[in-house]
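# Structural overview for review
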Amino acid sequence: MQRFRFPVGRLPDEALLSGLATGDPELAVTFVRRFQHTVFGVAIAVTGDPQLAEDIAQQTFERAWRHAQMYDPRRGSVTTWLTTIARNLAIDAVRARRPEPVAPEDLDGILGVISETPEQHALADEASTRLRAAVAQLPREQGRALVMAGVYGMTAREIAAWEAIPLGTAKTRIRTAMGKLRTTLASPKRGDHDQ
């Protein structure tokens with residue numbers, strides 16, 4: 001007598017994900033085939049690089065396999081969960097490849113490194129120390145927004161999503177932090193008036 005078996009390709013997404021977690025090879029292959037175009041599509045849309053997108057798709061399925069038990073259907077569909085993983089991995093990969101952004105006002109200093117004297121080097125160290133101290137004096141949420149925008153190159157929309165705040169709030173934090181930083185760095189240092 002032949003045993004009745006439900007076609008694997010017709011299983012719901014959640015059942016395939018559960019099968020992936022158990023290590024069932026047939027369910028794993030079906031899971032990957034069902035979502036491979038979607039995951040690759042997200043990765044290529046973010047990176048614009050087919051080879052990198054393939055790597056990200058593979059990492060996405062590996063992460064889904066390792067964390068399948070953490071999936072919560074109340075927070076969204078399997079497709080949403082998987083595309084979020086792919087998107088986050090793709091963004092991380094793009095950021096890792098992107099050179100660190102440089103503020104336009106810093107370009108002269110970078111271009112002048114060739115003729116830099118020890119005195120100029122000491123002044124640059126002092127300016128860097130002042131900048132770090134000024135950022136550290138900002139309210140924490142403003143400092144975070146400023147660093148996310150200036151160092152990591154995140155947009156106000158990305159910061160709002162990351163911090164789970166309204167877009168307007170993210171823009172205000174960045175703008176306010178920049179204003180405070182400008183004021184702090186433009187004011188004369190202590191001791192400048194004593195000379």
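Above this note sits the structure.
Quick caveat: nothing in here was measured; it's all calculated off a predicted structure.

As a further point, take the side chain of Arg173. Relative to the helices and strands, Arg173 is located in helix 9 (residues 167-186). One buried charged residue, Arg173, forms no salt bridge at all, with the nearest opposite charge on Glu163 at 4.1 Å. In this structure, Arg173 is in contact with Glu141, Gln142, Ala145, Glu163 and Ile165, ignoring residues within four places of it in sequence.

Moving on: the packing of helix 2 (residues 25-47) against helix 3 (residues 50-66). What describes two packed helices is the angle between their axes and the distance between those same axes. With their axes 8 Å apart at the nearest point, helix 2 and helix 3 run at an angle of 130° to one another. Here helix 2 is positioned oblique relative to helix 3, judged by the angle of their axes. Two packed elements cross with a definite hand, and for helix 2 against helix 3 that hand is right-handed. Where helix 2 abuts helix 3, its residues Phe31, Val32, Phe35, Gln36, Val39, Phe40, Ala43, Ile44 and Thr47 lie against Pro50, Leu52, Ala53, Glu54, Ile56, Ala57, Thr60, Phe61 and Ala64. For the contact of helix 2 with helix 3, the residue count by class is 14 nonpolar, three polar and one charged.

Our focus in this paragraph is the environment of Gln36. When you line up the elements, Gln36 lands in helix 2. When the C-alpha positions of Gln36 and Gln58 are compared, they lie 9.0 Å apart, and in sequence the two are 22 residues distant.

Once that is clear, we can look at helix 9. Look at helix 9: 29 Å from first C-alpha to last across 20 residues, which is about the 28 Å you get at 1.5 Å a residue. Those residues of helix 9 not exposed but buried are Ala170, Arg173, Ile174, Ala177 and Leu181. The arc that holds every buried residue of helix 9, seen down its axis, measures 95°, which confines them to one face. Among the exposed residues of helix 9, those oriented more than 90 degrees off its buried face are Arg175, Arg182, Thr183 and Ala186.

Attention shifts here to the packing of aromatic side chains. Counting across every chain of the model gives three aromatic pairs. Ring-pair connections join several aromatic residues into one group, and the members of that group are Phe31, Phe35 and Phe61.

For Gln142, the location among the structural elements is in helix 7 (residues 140-150). On the basis of relative accessible area, Gln142 is assigned to the buried category, the value being 10%. Ignoring sequence-local partners within four residues, the contact set of Gln142 consists of Arg173, Thr176, Ala177 and Lys180.

Next up on the list: the nonpolar core. Across soluble globular proteins, you tend to see nonpolar side chains buried next to one another. Ranked by internal contacts, the top residues of the largest apolar core, which has 25 residues, are Leu17, Phe31, Phe35, Val39, Ile56, Trp81 and Leu82. Setting aside anything within four residues of it in sequence, one finds Val39 in contact with Ala57, Thr60, Phe61, Leu82 and Ala86. If you look at the next biggest cluster of nonpolar residues, it comprises nine residues, including Ala145, Ala156, Ile159 and Ile165.

This next bit is on the environment of Leu82. Summarising the element assignment, Leu82 is placed in helix 4 (residues 78-97). Note: C-alpha distance between Leu82 and Phe61 (21 residues apart in sequence) is 8.1 Å. Ignoring sequence-local partners within four residues, the contact set of Leu82 consists of Phe31, Phe35, Val39, Thr60, Phe61 and Ala64.

Let us now look at a nonpolar patch on the surface. Among the surface-exposed residues, Val147, Val151 and Tyr152 lie close enough to one another that they form a single nonpolar patch of about 250 Å² accessible area. Secondary-structure assignment places Tyr152 in the loop between helix 7 and helix 8 (156-163).

A separate point is helix 2. Maximum bend of helix 2: about 50°, positioned at Phe35. All of the buried residues along helix 2 are Leu27, Thr30, Phe31, Phe35, Val39, Val42, Ala43 and Thr47. Where helix 2 is buried, its residues meet helix 1 (13-22), helix 3 and helix 4. One or two positions beyond helix 2, positive phi appears at Gly48, with a value near 70°.

It is worth spelling out the pattern of salt bridges at this point. Throughout the structure, instances matching the rule amount to three salt bridges. Note that Arg74 and Asp72 form a salt bridge whose closest N and O atoms lie 3.0 Å from each other. Among the ionic pairs, Arg95 bridges to Glu158, the shortest N-O distance being 4.0 Å. Of this pair, Arg95 sits in helix 4 while Glu158 is found in helix 8, placing the two residues 63 residues apart along the sequence. A residue is classified by how much of its surface remains accessible, and Glu158, at 27% relative accessible area, is partly exposed.

Rules of the game
Residues numbered from 1 in each chain as written. Predicted model: local features only at pLDDT ≥ 70, side-chain atom pairs only at ≥ 80, totals over all residues. Heavy atoms only, no water. Helix = DSSP H or I, 4+ residues; strand = E, 2+ residues; numbered from the N terminus. Buried < 20%, exposed > 50% of the residue type's maximum accessible area, 1.4 Å probe, protein only. Lys, Arg positive; Asp, Glu negative; His and termini not counted. Salt bridge = Lys/Arg side-chain N within 4 Å of Asp/Glu carboxyl O. Contact = heavy atoms within 4.5 Å. Axes fitted to C-alpha atoms, helices over the stretch in contact; angles between N-to-C directions. Parallel < 35°, antiparallel > 145°, perpendicular 65-115°, else oblique. Left-handed = near helix turned anticlockwise from the far one by under 90°. Nonpolar A, V, L, I, M, F, W, Y, C, P; charged D, E, K, R; others polar. Expected span 1.5 Å × (residues − 1). Arc of directions from axis to C-beta. Phe/Tyr/Trp six-rings, centres within 6.5 Å; stacked < 30°, edge-to-face > 60°. Core = buried A, V, L, I, M, F, W, Y, C linked by side-chain atoms within 4.5 Å. Patch = residues over 30% accessible without salt bridge, like charges linked within 9 Å, V, L, I, M, F, W, Y side chains within 5 Å. Areas by Shrake-Rupley, 256 points an atom, 1.4 Å probe, with all protein chains shown as cover. Bend = angle between axes of the 7 residues up to and from the residue.

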